[in-house]
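# Summary of structural features
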Amino acid sequence: LQGNSPVLRVLVDGSEVPLIFDSGNSTSVALTQSVIDHVKATPTGDTSRGMDAKGNVLVYPKYKLHRIQIGKAVFTDVVAELDVHAPSYQADQVGQQGFLGTFLLKRYKVIIDYPHLRLTLVPPGGTGKKASECKGSVVPFSPAWHGEPAAELSTDIGRLVVWWDTGSPTSLLSKRFVQSSRSPSPDDTLISKHLWLGGSDFGPWQFDVSDVTLPPGFDGFIGYNFFAKHVVCMDFPGQRLLIQK
């Protein structure tokens, strides 16, 4: 952990590169221009478009990488994106040279264990001690988000859909959602006495409240402060979370 961010040492075409694991990003890998140049990544000529949490529309050039290794897991012929941010909304710098998203991990159960500073990839059919650590209260992924780690939870102000986002430095709700719930909470924070997940109450819980631009259908993020206290397994094949209390 660097600050509130999980930083992995990933081998990109033979070079060790520090990447933030960002479960809020559905792409494969985003790399800074300096890394792209160093590994001599091949431009594909394609781009993708996206919008950040402040509503800025961004264009991401794509590149081909020969090989990426995360721990013992090896991926070949990977399409990466240039790590692009709007001038008005830069990423916090903790020494990273890009981001690792969820695309490459969809075959795995991913055990996120901040207390022990460990990320474990359990492959399909994996057994043994590591596989047994993917346990806890079961929370299904929201079907609307097509296999991404977004899930429903219940709070004092109602049910909501949140993205489980290791790239977020805190847990956060959109001001739009809080205002629509008519909550009497202060403008910048909301404390819910209850946080119901898979039949277990993980409350009380504090959310920051921010004027962020989110796609319709989800209301905020579960971020660093939750992962710091609870081991979370993102079971991508099973499309569910398992959360240890």
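One can find the structure itself at the top, above this paragraph.
Notes on the structure follow. Because the structure is predicted, anything quoted here is derived from the model rather than measured.

### What about the overall build of the protein chain?
When helices and strands are counted, the protein chain shows 4 helices and 20 strands. Its C-alpha radius of gyration of 18 Å places the protein chain within 12% of the 18 Å reference for a compact globule of 245 residues. Along the first, second and third principal axes, the C-alpha set of the protein chain runs to 55 × 45 × 30 Å. With 245 residues in all, the protein chain has 49% of them scored as buried. Long-range pairs, those at least 24 residues apart, make up 61% of the contacts in the protein chain between residues at least 6 apart in sequence.

### Let's talk about the pairing of strand β10 (residues 137-140)
Only one face of β10 is buried, namely the one carrying S137 and V139, since none of V138 and P140 on the opposite face is buried. Across 4 bridges, the pairing between β10 and strand β20 (residues 240-243) is antiparallel. Residue pairing across strands places S137 opposite I243, the latter belonging to β20.

### Considerations on the pattern of salt bridges
Scanning the entire structure with this criterion turns up 6 salt bridges. Among the ionic pairs, R118 bridges to E133, the shortest N-O distance being 3.7 Å. Linking R118 in strand β9 (residues 118-122) with E133 in the loop between α2 (129-132) and β10, this pair joins segments that are 15 residues apart in sequence. The structure contains a network of salt bridges with shared partners spanning D113, R118, K129 and E133.

### Overview of the sheet that holds strand β12 (residues 158-164)
Paired through backbone hydrogen bonds, the strands of a sheet run either parallel or antiparallel to each other. What the 8 strands build is an open sheet, ordered β14-β17-β13-β18-β12-β11-β15-β16; its pairing is mixed. Each end of this open sheet is capped by a strand with a single partner; those strands are β14 (189-192) and β16 (200-201). Pairing between strand β11 (residues 150-155) and β12: 6 bridges, direction antiparallel. Within β12, the residue paired with T155 across the bridge is G158.

### Here we look at the environment of T42
As for its placement among the helices and strands, T42 is situated in strand β4 (residues 42-51). Sequence spacing of T42 and H66 is 24 residues, and the spatial spacing of their C-alpha atoms is 9.2 Å. Apart from the residues within four sequence positions on either side, T42 is in contact with K62, Y63 and K64.

### So, the state of the cysteines
If you walk through the whole model with that rule in mind, you get 1 disulfide. In this model C134 forms its disulfide with C233; the gap between the sulfur atoms is 2.0 Å. Handedness here is read from the sign of the S-S torsion; for C134 and C233, about -85°, the answer is left-handed. On the criterion of sequence distance, the pair formed by C134 in the loop between α2 and β10 and C233 in strand β19 (residues 232-235) is long-range, its members being 99 residues apart.

### Topic: the sheet that holds β19
Here 5 strands make up an open sheet; going across it, the order is β9-β8-β19-β20-β10 and the pairing antiparallel. Taken across any chain shown, the strands that pair with only one partner, and hence form the sheet edges, are β9 and β10. With direction set aside, neighbouring strand axes in the sheet form an average angle of 20°. Sheet topology places strand β8 (residues 109-113) next to β9; 5 bridges connect them, and they run antiparallel. Counterpart to K109 in the pairing with β9 is V122.

### Points about the nonpolar core
Counting residues in hydrophobic clusters, the biggest one holds 54 residues, and the most contacted among them are W164 and F226. A total of 5 residues in this core trace back to one element, the largest contributor, which is strand β6 (residues 73-82). Beyond its immediate sequence surroundings of up to four residues, F226 is in contact with W164, S171, L195, L197, F202, W205, V232 and I243. Of all hydrophobic cores here, the second largest spans 10 residues; its members include A53, L172, V212 and F221.

### Comments concerning the packing of aromatic side chains
Per the stated rule, a full pass over the model turns up 12 aromatic pairs. With a centroid separation of 5.5 Å and an interplanar angle of 70°, the aromatic rings of W145 and W163 are classed as edge-to-face. Residue W145 is located in the loop between β10 and β11, and its partner W163 is located in strand β12; the two are separated by 18 residues in the primary sequence. Relative accessible area serves as the criterion here: at 9%, W163 is assigned to the buried category. Counting every residue linked through ring pairs, the aromatic cluster contains Y114, W164, F202, W205, Y224, F226 and F227. The ring of Y108 carries the charged tip of R107 above its face, separated from the ring centre by 5.5 Å. Across the ring face of F202, the terminal group of K245 is positioned such that the distance to the ring centre comes to 5.1 Å.

The rules behind each value
- Residues numbered from 1 in each chain as written.
- Predicted model: local features only at pLDDT ≥ 70, side-chain atom pairs only at ≥ 80, totals over all residues.
- Heavy atoms only, no water.
- Helix = DSSP H or I, 4+ residues; strand = E, 2+ residues; numbered from the N terminus.
- Rg over C-alpha atoms; globule rule 2.2 N^0.38 Å.
- Buried < 20%, exposed > 50% of the residue type's maximum accessible area, 1.4 Å probe, protein only.
- Contact = heavy atoms within 4.5 Å.
- Pairing = 2+ DSSP bridges.
- Salt bridge = Lys/Arg side-chain N within 4 Å of Asp/Glu carboxyl O.
- Disulfide = S-S within 2.5 Å.
- Axes fitted to C-alpha atoms, helices over the stretch in contact; angles between N-to-C directions.
- Core = buried A, V, L, I, M, F, W, Y, C linked by side-chain atoms within 4.5 Å.
- Phe/Tyr/Trp six-rings, centres within 6.5 Å; stacked < 30°, edge-to-face > 60°.
- Lys NZ or Arg CZ within 6 Å of the ring centre and 35° of its normal.

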